[in-house]
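So the chains spell out like this:
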Amino acid sequence: MNTQFRKGIIEMCVLALIAEKDRYGYEIVQSIASYTDINEGTVYPILRRLTTEEYFVTYLKESTIGPARKYYHITEKGKAYLGSLKNDWQEFSNMVNDILQGKPKNEGIDL
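Now for a quick tour of the structure. (Residues numbered from 1 in each chain as written. Predicted model: local features only at pLDDT ≥ 70, side-chain atom pairs only at ≥ 80, totals over all residues. Heavy atoms only, no water.)

Considering the layout of surface pockets
Link 1 in the chain: Within this model, the second largest pocket holds a volume of roughly 190 Å³.
Link 2 in the chain: Looking at the second largest pocket, it is lined by ten residues, and the ones nearest its centre are Ile10, Cys13, Ile32, Tyr35 and Thr36.
Link 3 in the chain: Only helix H1 (3–20) and helix H2 (25–33) provide two or more residues apiece to the lining of the second largest pocket.
Link 4 in the chain: With five residues, the single largest contributor to the lining of the second largest pocket is H1. (1 Å grid on protein atoms, 1.4 Å probe; cavity = no way out; pocket = protein on both sides within 12 Å on 5 of 7 lines; lining within 4 Å. Points joined across faces, edges and corners; volume = space filled by probe spheres on them. Helix = DSSP H or I, 4+ residues; strand = E, 2+ residues; numbered from the N terminus.)

Remarks on the side chain of Glu11
Link 1 in the chain: Residue placement: Glu11 occurs in helix H1.
Link 2 in the chain: Among the residues examined, Glu11 registers a relative accessible area of 7% and is labelled buried.
Link 3 in the chain: Leave out the neighbours within four places in its chain, and Glu11 touches Ile46, Arg49, Leu50, Tyr81 and Leu85. (Buried < 20%, exposed > 50% of the residue type's maximum accessible area, 1.4 Å probe, protein only. Contact = heavy atoms within 4.5 Å.)

Some words on the pairing of strand E2 (residues 56–63)
Link 1 in the chain: Examined bridge by bridge, E2 and strand E3 (residues 66–74) share seven bridges and lie antiparallel to one another. Along E3, the bridge assignment pairs Ser63 with Gly66.
Link 2 in the chain: The hairpin formed by E2 and E3 contains two residues between the paired strands. (Pairing = 2+ DSSP bridges.)

If you want it as structure tokens, here you go:
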């Protein structure tokens with residue numbers, strides 16, 4: 001799979017996971033890794049960028065088994081961005097499925 005395309009999808013997955021509940025970095029990596037091969041080197045730069053862009057805020061929470069963990073919490077801006085990404089994904093996915101199934105393009109609908 002194309003690396004840039006994959007990173008965009010991983011970004012959407014990171015947003016979706018944090019929208020469900022606040023999570024820390026390693027927890028996010030493990031959640032995605034249960035579906036596909038991924039490592040921390042892919043997820044942490046996405047987390048930093050999305051935090052810088054104010055889609056997340058962070059806070060530290062003490063852990064019973066080690067040092068405090070940095071948790072990510074989605075902001076209203078992040079929720080809106082995730083909604084936009086989901087809509088884009090649905091349109092794109094529908095288009096690809098239509099093409100793969102040989103369905104003719106509906107007139108008047110441009111992507």
